[in-house]
Amino acid sequence: MKKHYFSLDFLRGLGIFMVLVLHTAFYFYKDIYDIDLDNPTLIITLIGFLLMFAGLFAMVSGVSHTISYINKLDHGLEKRTRYMVLSGTFLLVIAYLYFVFTGPGIILFESRAMDESLFVSLINQGSFQKVTQTRFLYVDSLVMLGMNVILLGLLFKFIGRYLKNPKITLYLLLGASFFMVISYIRIPLYNVYLNALDNQNMGLILLLNWFVAKNNPILPFFAFALFGAWVGTMIYHQSFKQMKKNVLIVAGIYLVIGILGYIFAPETMLERAIDPTWYFIMVIQIGLFLIMILFAYQVYDNKDQKKNVISIFLSRFGIAGLSVFFIESVVSALLFKFINLFFDFSLGIPGAILYGLFLALLWGFVLYFWQKKQFKYGIEWIHSSIMNRIGLSTKLLKLKGEHDDSSNS
């Protein structure tokens, strides 16, 4: 069985590249506080929608970790579970370091202010901003990925022995769909969570935070990981023709349900409300991301098509993009500050997008040269080196450029 899938690196890299562009565009847009959320422009609506693509990372991670788990099942369930739990815990540590020290700002439209991380606030304001409760509680994409890896590892501890049984694909699909359905409960629970915040009921806040808080909590993002696990088991057990049929049917159902639900739900997407509009956007994204994974798999792995310059360029972000992601807000703030020493560098939407694209491309060239040094001392290198002491980390081999057809770890 093929164990290394270029398509997963490509999709992960494409996602990170787009996040780098949009993060910069969003936070350096000069009129960010004046956006009309009731009547947004098309470009603002599109940026808002693309910034909600964290589910793609969750689904790709689910595919990757499931394939890796199956391939190394002979190493023992306990060992593989421990590996995944520790790997997810490492991601959680990185996630909180990121959001406290180097992460992007949280836009506070009501007060026309930005809740910034320590180093970004030092650059922009000349002093460290007090670390707020909001930053500690914010469930960003890295927190979500760490939690998903831990939860998948715990789930596989109980069902791991059945992963090599072809019937497991149906059960994972049913489980993913069931989890997505019950995730609707996040809508009323989010109001409970907000009331707990208002009353500073810390017990209830901590109980609900990872499940319902903004921005990417367990409900519904673990469902994306489960759909990824479903795809991973199909790659292992089924022919591409059978897998394609199953994915298109399921994706089609989710797209139809999601679009119909979105049409009849109130238009509140850019208000970032947790309501039926939000929920049906998530349903649409499940269908969309399944099709994206299927298409990338067909192009790069099923047909084993020769990779072009652009796909290789983007795939590097999928291999070592977390290191870039960790510091990009600090670097973009420094560069913006430096340019403003010479002239007023205020950006409208086109300028902000071009600035974000410029920085993302620049990071791509950094990764190109860093690859020659095997991405040493980056977050992925540290993570893989630590995990390699527990069990063989094939990600470490990938960082070294030793593509031995092994799976992502």
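See above for the structure.
Residues numbered from 1 in each chain as written. Predicted model: local features only at pLDDT ≥ 70, side-chain atom pairs only at ≥ 80, totals over all residues. Heavy atoms only, no water.

(A) Inspection of the overall build of the chain at higher detail. A tally of helices and strands in the chain yields 17 helices and two strands. Against the compact-globule benchmark of 22 Å for 409 residues, the chain has a radius of gyration of 21 Å, which places it among compact chains. Dimensions of the chain, computed from the C-alpha atoms along their principal axes, are close to 60 × 50 × 40 Å. The buried share of the chain, reckoned over its 409 residues, is 55%. Expressed as a percentage of contacts within the chain between residues at least 6 apart in sequence, the contacts between residues at least 24 apart total 78%. The chain carries 33 positive and 23 negative side-chain charges, and their two centres are separated by 14 Å. (Helix = DSSP H or I, 4+ residues; strand = E, 2+ residues; numbered from the N terminus. Rg over C-alpha atoms; globule rule 2.2 N^0.38 Å. Buried < 20%, exposed > 50% of the residue type's maximum accessible area, 1.4 Å probe, protein only. Contact = heavy atoms within 4.5 Å. Lys, Arg positive; Asp, Glu negative; His and termini not counted. Charge placed at Lys NZ, Arg CZ, Asp CG, Glu CD.)

(B) Summary view of the side chain of Asp9. By the element assignment, Asp9 lies in helix H1 (residues 6-27). Since its relative accessible area comes to 1%, Asp9 is described here as buried. A distance of 3.0 Å separates the side chain of Asp9 from the side chain of Arg12, its partner in a polar contact. (Polar contact = N/O pair within 3.5 Å; in protein donor to acceptor, adjacent residues only side chain to side chain.)

(C) Unusual backbone geometry, seen in detail. In this structure, Asn215 follows Lys214 across a cis peptide bond, with omega equal to 20 degrees. Along the chain, Asn215 turns up in the loop between helix H10 (202-212) and helix H11 (218-237). Cis geometry is found at the peptide bond from Leu219 to Pro220, where omega equals 15 degrees. Residue placement: Pro220 occurs in helix H11. Positive phi, normally seen in glycine, also occurs at Gln374, with a value near 60 degrees.

(D) Looking closely at a nonpolar patch on the surface. Taken together, the side chains of Val93, Leu97, Phe101, Phe119, Leu122 and Phe128 define a hydrophobic patch exposed on the protein surface, amounting to about 510 Å² of accessible area. The greatest single-element share of the nonpolar patch, amounting to three residues, is contributed by helix H4 (residues 77-102). By the secondary structure assignment, Leu122 is in helix H5 (residues 118-125). The class of Leu122 is partly exposed, set by a relative accessible area of 35%. (Patch = residues over 30% accessible without salt bridge, like charges linked within 9 Å, V, L, I, M, F, W, Y side chains within 5 Å. Areas by Shrake-Rupley, 256 points an atom, 1.4 Å probe, with all protein chains shown as cover. Salt bridge = Lys/Arg side-chain N within 4 Å of Asp/Glu carboxyl O.)

(E) Just the pattern of salt bridges, in detail. A full pass over the atoms with the stated rule returns four salt bridges. Across the pair Lys157 and Glu78 runs a salt bridge whose closest N-O atoms are separated by 3.9 Å. Of this pair, Lys157 sits in helix H7 (residues 141-159) while Glu78 sits in helix H4, and the two are 79 residues apart along the sequence. Asp115 is paired through a salt bridge with Arg135; the nearest N and O atoms lie 3.9 Å apart. Linking Asp115 in strand E2 (residues 113-115) with Arg135 in helix H6 (residues 133-137), this pair joins segments that are 20 residues apart in sequence. By relative accessible area, Arg135 is classed as buried at 1%. Members of the salt-bridge network, linked through shared partners, are Asp9, Arg12 and Lys398.

(F) Here's a closer look at helix H12 (residues 240-264). Here H12 spans 36 Å end to end across 25 residues, near enough to the 36 Å set by a 1.5 Å rise per residue. Turning to H12, its buried residues are Phe240, Met243, Val247, Val250, Ala251, Tyr254, Gly258 and Gly261. On its buried face, H12 is in contact with helix H8 (168-182), H11 and helix H13 (276-302). (Expected span 1.5 Å × (residues − 1).)

(G) Layout of the packing of helix H14 (residues 309-339) against helix H15 (residues 349-371). Contact geometry of H14 with H15 gives a least axis separation of 8 Å together with a crossing angle of 125 degrees. On the basis of their axis angle, the class for H14 and H15 is oblique. Crossing hand, H14 versus H15: right-handed. Contacts from Phe313, Arg316, Phe317, Ala320, Ser323, Val324, Ile327, Glu328, Val331, Ser332, Leu335 and Phe336 of H14 reach H15 at Tyr355, Phe358, Leu359, Ala360, Leu361, Trp363, Gly364, Phe365, Leu367, Tyr368, Trp370 and Gln371. Tallied by class, the residues present in the contact of H14 with H15 amount to 18 nonpolar, four polar and two charged. (Axes fitted to C-alpha atoms, helices over the stretch in contact; angles between N-to-C directions. Parallel < 35°, antiparallel > 145°, perpendicular 65-115°, else oblique. Left-handed = near helix turned anticlockwise from the far one by under 90°. Nonpolar A, V, L, I, M, F, W, Y, C, P; charged D, E, K, R; others polar.)

(H) Seen up close, the packing of aromatic side chains. Enumeration over the complete set of coordinates arrives at 32 aromatic pairs. Three or more aromatic residues link up through ring pairs in this structure, and these residues are Tyr98, Phe99, Tyr138, Phe325 and Phe326. Directly above the ring of Phe99 sits Arg135, whose terminal nitrogen or CZ lies 4.3 Å from the centroid. Lys307 extends its terminal NZ or CZ atom over the ring of Phe6, reaching a point 5.1 Å from the ring centre. (Phe/Tyr/Trp six-rings, centres within 6.5 Å; stacked < 30°, edge-to-face > 60°. Lys NZ or Arg CZ within 6 Å of the ring centre and 35° of its normal.)

(I) Inspection of the packing of H1 against helix H3 (residues 54-71) at higher detail. Packing of H1 against H3 brings their axes to within 10 Å, and their N-to-C directions diverge by 160 degrees. Of the possible angle classes, the one that applies to H1 and H3 is roughly antiparallel. As H1 runs across H3, the sense of the crossing is left-handed. Packed against H1, whose contacting residues are Leu8, Leu11, Arg12, Gly15, Ile16 and Val19, the element H3 presents Leu56, Phe57, Val60, Val63 and Ser64 at the interface.

(J) View of the nonpolar core. If you look at the biggest cluster of nonpolar residues, it comprises 110 residues, and the most contacted ones within it are Phe227, Trp230, Val231 and Leu290. Tallying contributions element by element places H13 first for this core, with 15 residues. The residues touching Phe227, leaving out its near neighbours within four places in the chain, are Met59, Leu173, Ala176, Ser177, Val250, Tyr254, Ile286 and Leu290. Phe28, Ile47, Ile339 and Ile349 belong to the second-largest nonpolar core, a separate cluster that totals 19 residues. (Core = buried A, V, L, I, M, F, W, Y, C linked by side-chain atoms within 4.5 Å.)

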